[in-house]
Amino acid sequence: MEDAMIINKGAYDRGFGHGCVYKSYIKEVNSDTAETSGTSATKSRYRLINPLADKKAVTEIGEKGLDQDGLPYIGQKVSHGDPELAVFDKTLSKTKFTNFKDHEAARVENVRVFGDERDPTSKSLGYTLRIPRNPVIGDKFSSRHGQKGVLSVIWP
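Residues numbered from 1 in each chain as written. Predicted model: local features only at pLDDT ≥ 70, side-chain atom pairs only at ≥ 80, totals over all residues. Heavy atoms only, no water.

Draft legend 1. Broad picture of the sheet that holds strand E1 (residues 4-8). Strand order in the open sheet formed by three strands is E1-E12-E11, and the pairing between neighbours is mixed. Looking at strand neighbours, the two that pair on one side only are E1 and strand E11 (140-142), the edges of this open sheet. Pairwise comparison of adjacent strand axes, ignoring direction, gives a mean angle of 55° for this sheet. Alignment of E11 against strand E12 (residues 148-155), held across three bridges, turns out to be antiparallel. Looking at E12, one finds that Ser 142 is bridged to Lys 148. (Pairing = 2+ DSSP bridges. Helix = DSSP H or I, 4+ residues; strand = E, 2+ residues; numbered from the N terminus. Axes fitted to C-alpha atoms, helices over the stretch in contact; angles between N-to-C directions.)

Draft legend 2. Representation of the packing of aromatic side chains within the structure. A full pass over the atoms with the stated rule returns two aromatic pairs. Summarising the aromatic geometry, the rings of Phe 16 and Phe 141 are spaced 5.9 Å apart at their centres and angled 20° between planes, so their arrangement reads as stacked. Highlighted residues: Phe 16 in the loop between helix H1 (9-13) and strand E2 (19-29) and Phe 141 in strand E11, separated in sequence by 125 residues. Residue class for Phe 16 comes out partly exposed when judged on its relative accessible area of 41%. For Phe 141, a relative accessible area of 19% corresponds to the buried category. Across the ring face of Phe 97, the terminal group of Lys 64 is positioned such that the distance to the ring centre comes to 5.0 Å. (Phe/Tyr/Trp six-rings, centres within 6.5 Å; stacked < 30°, edge-to-face > 60°. Buried < 20%, exposed > 50% of the residue type's maximum accessible area, 1.4 Å probe, protein only. Lys NZ or Arg CZ within 6 Å of the ring centre and 35° of its normal.)

Draft legend 3. Focus on the nonpolar core. Membership of the largest hydrophobic core comes to 13 residues, with the highest contact counts inside it found for Val 78, Leu 85, Phe 100, Ala 106 and Leu 129. Counting residues per element, the ones that place at least two in this core are strand E7 (83-89), strand E9 (106-116) and strand E10 (119-133). Apart from the residues within four sequence positions on either side, Ala 106 is in contact with Gln 76, Lys 77, Val 78, Phe 100, Leu 129, Arg 130 and Ile 131. Ile 49, Ile 61, Leu 66 and Phe 88 belong to the second-largest nonpolar core, a separate cluster that totals seven residues. (Core = buried A, V, L, I, M, F, W, Y, C linked by side-chain atoms within 4.5 Å. Contact = heavy atoms within 4.5 Å.)

Draft legend 4. Region of the structure containing helix H2 (residues 55-64). Taken together, the buried positions of H2 are Ala 57, Val 58 and Ile 61. For H2, the angular spread of the buried residues around the axis is 100°, confining them to a single face. Away from its buried face, by an angle of more than 90 degrees, H2 presents the exposed residues Lys 55, Lys 56, Thr 59 and Glu 63. As for H2, its buried residues are in contact with E7 and strand E8 (94-99). Positioned one or two residues after H2, Gly 65 has a phi angle of 90°, which is positive. (Arc of directions from axis to C-beta.)

In structure tokens form, the structure reads like this:
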């Protein structure tokens, strides 16, 4: 292999080449006004959990490891299949959970609830997940001088 490179296992164990990937998600909730597109009008089906009004939902959410408003805790570790968000389904009148679908474990970096200034009843929910990544054989590295190499061996 022409551009192979070898990494010292001691340097690898101390953190050489380790990094994080950040993924942001936005969910639309709490839209009570109809949006007209053509001839049809649609309303949002979901709203945020109200801890005072939804006592049953708060109990159910606590068992799943979420905050009482259905949002994940900052710093919480989520793995494949864990609940990462809970909203109230207005159509079915019950709590709907969104499960984490990625196969790599992640931590919740931040959670934001923001609204639309044109429509104060409309709210969106945004959260960012941090996924730590270690280098694996086959990853490409490059110096600032353009010397590229593919990791082929972690040498003790």
